[in-house]
Structures are given as C-alpha cells and as structure tokens.
Amino acid sequence: MRRDGADVGWSLVVPLKPLVRAKSRLSGAAGEEFRPHLALAFALDTVTAALACKDVRDVAVVTDDGMAGERLAALGARIVPDTPAGGLNAALAHGAGAVRARRPGAAVAALNADLPALRPAELELVLHSASLFPRAFLADASDFGTTLLTATSGVELEPAFGGPSRARHLASGARELTTPGVPSVRRDVDTGEDLLAALALGVGPHTARQAPRLAGGAPAGAEPPGGAARPLPPQVRASGA
C-alpha cells in the first residue's frame, strides 16, 4: 500500500505451531481429533481479518505446517518457515527479520494466531495507537498475556510472549495500549471458557463453520444433506466485520 508516494502500512507477523501441537489446552473442550481443525480455523479467521485492515500492508505467517501454510498462503499471507525452531519468541524474531530483509523500514507487529473474533476496524484502532510509540503492546482479555506487540520503523520487536507476557513487555519498556472498544483484538483463545467468550463476540466464517461440532453436531467438515448451510448454535454469532 502506498500513499503520496511513501511506503506505509504495518507488516504483521503471525506465529503458528504445527496443527498437531496447536491449542493443546482446548483438547478437553473440543476433543483431541477436532482441536487441529479448530486451531486452523482460528488462524484463517485471524489472517483474513488482518489482511482486511486498511493499515496492514502484509502478513507473514511463521509456520512449518504444510497444510496450514497452503491455506493461509491462499488468503494472501506470506509463509515463512520456522527455521530457528526455537519456540514462539524465536519464531517471531525470525519473522520480523524476514519482513525487514525485504522492507528494511517496515513497522512490524506480532499478532496471535488465535483471534477468531478479530475485527479489522478494531485492529486498525489499535495499530493507530501503537504508531505513536516506538514499541507497544496490547494485553489479552485476562490482562495476563499479550495479543499484539508492535515496533515502529528502525525499532527491534523484542518479543517476550508466553505466560505472564504483559508484565515482561511492560518491564522491557514497551508502552501498554489501553485503546477502548477493541475486545476482538484482546480475545485470544486458549481454553474452553475463552472459546465461549469468542463465540459470544462473533467469530469469523472459518470458526463459525466449526461451531456446530462444538455444540454436539456433525463432525468437523461434514456437510448437511443437499449441501445446505448448517445453522449455528444459538450462542454463536458469526462476525459481520
């Protein structure tokens, strides 16, 4: 994206574990066989919403999962192999480096892959706030972790995700963002309770298609007779944003 001849817009880095290992804490709520389908749906909805945000120039997904990589690349994401294989923060630093190898002046942001309710307009508000500080972050809905970490042009990302990352990012000097009205950017999903909260907010189409399984319906990916759309459970609202 270019405005007035200048290269602008955020490059987002989204980390995704191999699906067989992703979202392990959801096994109890979703079932072990269904969990990888749900993890992929979260990532697809997250990347779809991110690419629809007008302040996002591009999205790089750091993953070694071939099938997920193909699906996300089809949406328009760039796939970066997780060559460090050193965990979440190493993957994010590697992804940021890959972005800046192509575009040295890029403003970069690390974004969780498990934001199925993400709204482009809410992400835009957060990124606008983040642009005012060299490094900034948004805490998750529990105020314990982090869903977004940003670094403007020329500033290192220095990711410290995992566990009590809100405290670590504060200690690192990053500015905590308190942008109001952005629940979808804070609503990551690690547990069954988190998933219910995301469904209540309204999730993207990929997660919404999996929702009937969560309510005890047909197996993931199964189509109803005649190809008709399967209705969502009453507690699920598909996002229109």
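Above this note sits the structure.
Residues numbered from 1 in each chain as written. Predicted model: local features only at pLDDT ≥ 70, side-chain atom pairs only at ≥ 80, totals over all residues. Heavy atoms only, no water.

**Q** Lay out unusual backbone geometry with the relevant residues and their values.
**A** We note that Lys23 has phi near 55°; this positive angle belongs to a residue other than glycine. In this structure, Lys23 sits in the loop between β3 (10–15) and α1 (27–30). Here Asp143, not a glycine, exhibits a phi torsion of approximately 60°, which is positive. For Asp143, the position within the fold is in the loop between β7 (135–139) and β8 (146–151). (Helix = DSSP H or I, 4+ residues; strand = E, 2+ residues; numbered from the N terminus.)

**Q** Now, about the environment of Gly154: what can you tell me, with residues and values included?
**A** Its place among the elements puts Gly154 in the loop between β8 and α6 (165–171). A relative accessible area of 68% places Gly154 in the exposed class. Between the alpha carbons of Gly154 and Gly105 there is a distance of 6.3 Å; along the sequence they are 49 residues apart. (Buried < 20%, exposed > 50% of the residue type's maximum accessible area, 1.4 Å probe, protein only.)

**Q** Report on the side chain of Thr179, specifying residues and quantitative values.
**A** Its location among the elements puts Thr179 in the loop between β9 (175–176) and α7 (183–186). Polar contacts involving the side chain of Thr179 include one to the side chain of Ser129, which spans 3.1 Å. Non-local contacts of Thr179, meaning those with residues more than four positions away in its chain, are made with Leu125, Val126 and Ser129. (Polar contact = N/O pair within 3.5 Å; in protein donor to acceptor, adjacent residues only side chain to side chain. Contact = heavy atoms within 4.5 Å.)

**Q** Kindly report on the environment of Ser165, identifying the contributing residues and their values.
**A** Residue placement: Ser165 occurs in helix α6. Ser165 gets classed as buried once you look at its relative accessible area, which sits at 2%. Between the C-alpha atoms of Ser165 and Asp143, which are 22 residues apart in sequence, the distance is 9.4 Å. When residues no more than four places from it in sequence are discounted, the contact partners of Ser165 are Phe144, Gly145, Thr146 and Ala160.

**Q** Explain helix α2 (residues 35–52) to me, using residue names and the numbers behind them.
**A** An α-helical turn contains 3.6 residues, so any two residues separated by three or four positions project in the same direction. Between the first and last C-alpha of α2 there are 26 Å, a value that for 18 residues agrees with the 26 Å anticipated at 1.5 Å per step. The buried count for α2 comes to 14 of 18 residues, which makes it a mostly enclosed element. (Expected span 1.5 Å × (residues − 1).)

**Q** Lay out the side chain of Ser129 in plain terms, naming residues and giving numbers.
**A** Positionally, Ser129 belongs in helix α5 (residues 120–130). For Ser129, a relative accessible area of 18% corresponds to the buried category. Not counting chain neighbours up to four residues away, the residues in contact with Ser129 comprise Leu177 and Thr179.

**Q** So what's going on with the nonpolar core? Residues and values would help.
**A** Ranked by internal contacts, the top residues of the largest apolar core, which has 36 residues, are Leu12, Val59 and Leu123. For this core, the secondary structure elements donating two or more residues are β3, α2, β4 (56–62), α3 (66–75), β6 (107–111), α5 and β7. Look past the residues within four positions of Leu123 in its chain and what remains in contact with it is Leu12, Ala50, Cys53, Val56, Leu118 and Val185. Of all hydrophobic cores here, the second largest spans 18 residues; its members include Val80, Ala91, Ala106 and Phe161. (Core = buried A, V, L, I, M, F, W, Y, C linked by side-chain atoms within 4.5 Å.)

**Q** Tell me what's going on with the packing of α2 against α3, and back it up with residues and numbers.
**A** The geometry of a pair of packed helices is captured by two quantities: the angle between their axes and the separation between those axes. The interhelical angle for the contact between α2 and α3, taken along N-to-C directions, is 25°, at an axis separation of 10 Å. With respect to their mutual orientation, α2 and α3 come out roughly parallel. Once α2 is placed against α3, the crossing between them reads as right-handed. Together, Leu40, Ala43, Leu44, Val47, Thr48 and Leu51 of α2 and Met67, Ala68, Arg71, Leu72 and Leu75 of α3 make up the contact between the two elements. Residue classes in the contact of α2 with α3 are distributed as nine nonpolar, one polar and one charged. (Axes fitted to C-alpha atoms, helices over the stretch in contact; angles between N-to-C directions. Parallel < 35°, antiparallel > 145°, perpendicular 65-115°, else oblique. Left-handed = near helix turned anticlockwise from the far one by under 90°. Nonpolar A, V, L, I, M, F, W, Y, C, P; charged D, E, K, R; others polar.)

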